[in-house]
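Each chain is listed here by its residues.
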Amino acid sequence: MHRTVRNVALLASGTILLSFGVLVVNQTAQVVQLAGTAHPTLGRVTLWALVTAYVGLAGVPLVLVLRLPRPLVPPESDDGPEFDAHLRRLGNRLATNPYVVGQGLDLDTREGVEAGLAILSARANGIVRETAAGVFIATAVSQSGRLDGLLVLAAQSRMVWRLAHLYHQRPTPRDLAHLYANVAATAFVAGELQELDLGEQVEPILSSAVSALGASVPGFKTAGTLLANCVLGGSANAFLTLRVGMIARRQCGALVLASKPALRRAATAEAAQLLGPIVADGTGRLSKALAHAVVGKVKDAGSRLIARMRNGRAHEGPEAI
């Protein structure tokens, strides 16, 4: 399935590039012809000027990208010269990280590198929890499928960007492309999603949260049902965001290359552990907001009813006299 998607993407990209090339050639010919009507020499000068501009605009970015340093790709095992070279490069990168500098770690050893990565991992967990909490509230409130998808995609993309800057400080475009590609391939590849048993991981947490909703808004069954639906939708999106964050964190701080199934399982387990406090806090905030809104509506309705009754008595007074 993954190979089919890649082939379709390549064919679509080739078609777009070919169409764009034909458009450029057509417009260039028209400009050169227009310049040639004034003078043949002007037409030739315009042609070479445009060709030079095209080569510069396309070639300079390509050269800059090719000259970028290669991203740090961990080896498959922790034995051999490849692992030693990766550990040395990782230590050099951590030596310039402001969150690790000043901690007194010996980054020339594996223990020091692992301690530095543990410091960054703790900060990464904070970024992931913050993003997941925002996704929970945003998607629980919006209750719109298409809007929720855009919100979750934007939040997850920004989260991966922040994690890349946390670990790499100044990640190159190649680092970012490598990280985004690996996170997407690990988390969203079609045909692999059956390994994610969302119900099994989230059901205990959601059951306890939803069972408490009846007491959160006493006497208002409709409000409780609405709140339950909001919590269910927000929790699912928060769980997926946590899972993506754990995958990105493990990709950034890996010493050895882990298999995608093992990485997915570990990320899913971590996401399930982090989900509980986020659901509890978010549910409390939503229930309070909903309770305040319902109480406010009841008070407004009661005030209007009392005002009508007073107005009715005021009108009845003169008639009774």
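Remember, predicted model here, so these are calculated numbers, not experimental data.

Rules of the game
- Residues numbered from 1 in each chain as written.
- Predicted model: local features only at pLDDT ≥ 70, side-chain atom pairs only at ≥ 80, totals over all residues.
- Heavy atoms only, no water.
- Helix = DSSP H or I, 4+ residues; strand = E, 2+ residues; numbered from the N terminus.
- Buried < 20%, exposed > 50% of the residue type's maximum accessible area, 1.4 Å probe, protein only.
- Contact = heavy atoms within 4.5 Å.
- Areas by Shrake-Rupley, 256 points an atom, 1.4 Å probe, with all protein chains shown as cover.
- pLDDT = per-residue confidence, 0-100.
- Axes fitted to C-alpha atoms, helices over the stretch in contact; angles between N-to-C directions.
- Parallel < 35°, antiparallel > 145°, perpendicular 65-115°, else oblique.
- Left-handed = near helix turned anticlockwise from the far one by under 90°.
- Salt bridge = Lys/Arg side-chain N within 4 Å of Asp/Glu carboxyl O.
- Expected span 1.5 Å × (residues − 1).
- Polar contact = N/O pair within 3.5 Å; in protein donor to acceptor, adjacent residues only side chain to side chain.
- Patch = residues over 30% accessible without salt bridge, like charges linked within 9 Å, V, L, I, M, F, W, Y side chains within 5 Å.

Visitor: Whenever I open this one, the overall build of the chain confuses me. Can you help?
Guide: When helices and strands are tallied, the chain shows 10 helices and 0 strands. When its helices and strands are written in sequence order, the chain yields α-α-α-α-α-α-α-α-α-α. Counting across all 321 residues of the chain, residues that qualify as buried make up 32%. Long-range contacts, defined as pairs at least 24 residues apart, comprise 72% of the intrachain contacts of the chain with a sequence gap of at least 6. Carbon and sulfur atoms provide 63% of the accessible area of the chain, an area that totals close to 19600 Å².

Visitor: How do you make sense of the confidence of the model for the chain when you look at a structure like this?
Guide: In low-pLDDT regions, the fine details of the predicted coordinates are not to be read closely. Averaged over all residues, the pLDDT of the chain equals 75, while 70% of them reach at least 70. In this model residues 189-203 is a low-confidence stretch, pLDDT under 50, and it forms 21 contacts with partners more than four residues away in sequence or in other chains.

Visitor: Got a minute to help me understand the packing of helix 3 (residues 81-94) against helix 4 (residues 110-142) in this structure?
Guide: To characterise two packed helices, one gives the angle between the axes of the helices and the distance between these axes. With their axes 10 Å apart at the nearest point, helix 3 and helix 4 run at an angle of 50° to one another. As the angle between them shows, helix 3 and helix 4 are arranged oblique. As helix 3 runs across helix 4, the sense of the crossing is left-handed. Contact residues: helix 3 offers Phe-83, Leu-87, Leu-90, Gly-91 and Leu-94, while helix 4 offers Arg-110, Val-113, Leu-117 and Leu-120.

Visitor: Can you help me understand the pattern of salt bridges in this one?
Guide: Pairs can form between side chains of opposite charge once their charged atoms are near each other. For the structure on display, the rule yields 4 salt bridges. Linking Arg-110 and Glu-114 is a salt bridge whose minimum nitrogen-to-oxygen distance equals 3.0 Å. Separated by 4 residues within a single helix, Arg-110 and Glu-114 lie in helix 4, roughly one turn from each other. Classification of Arg-110 as partly exposed rests on a relative accessible area of 30%. Residue classification places Glu-114 among the partly exposed residues on the basis of a relative accessible area of 36%. A salt bridge links Glu-270 to Arg-250, with the nearest nitrogen and oxygen atoms 2.9 Å apart. In this pair, Glu-270 is assigned in helix 10 (residues 260-320) and Arg-250 in helix 9 (residues 221-252), connecting sequence segments 20 residues apart.

Visitor: I tried to follow helix 3 on my own but got confused; where do I start?
Guide: Residues lying three or four places apart along an α-helix face the same way, a consequence of the helix completing one turn every 3.6 residues. For helix 3, which comprises 14 residues, the first-to-last C-alpha distance of 20 Å matches the rise-based estimate of 20 Å (1.5 Å per residue) to within 8%. For helix 3, the secondary structure elements touched by its buried residues are helix 4.

Visitor: Help me understand the side chain of Thr-28 in this model?
Guide: With respect to the helices and strands, the residue Thr-28 is situated in helix 1 (residues 2-38). Beyond its immediate sequence surroundings of up to four residues, Thr-28 is in contact with Leu-47, Leu-50 and Tyr-54.

Visitor: Please clarify how the environment of Thr-139 should be interpreted in this entry.
Guide: Inspection of the secondary structure assignment puts Thr-139 in helix 4. You can call Thr-139 buried: its relative accessible area is 1%. Taking C-alpha positions, Thr-139 is 8.0 Å from Val-152, a pair spaced 13 residues apart along the chain. Ignoring anything within four residues of it in the chain, the contact list for Thr-139 reads Asp-148, Val-152, Gly-233, Gly-234 and Asn-237. A polar contact is formed between the side chain of Thr-139 and the backbone oxygen of Val-135, at a distance of 2.6 Å.

Visitor: It is not clear to me how the environment of Asn-182 should be interpreted in this structure. Could you clarify?
Guide: Inspection of the secondary structure assignment puts Asn-182 in helix 6 (residues 173-188). Distance in space between the C-alpha atoms of Asn-182 and Ile-247 is 9.0 Å, their sequence separation being 65 residues.

Visitor: What should I look at first to understand a nonpolar patch on the surface in this one?
Guide: A contiguous nonpolar surface patch, about 390 Å² in accessible area, is contributed by Leu-47, Trp-48, Val-51 and Val-55. Its place among the elements puts Leu-47 in helix 2 (residues 40-66).

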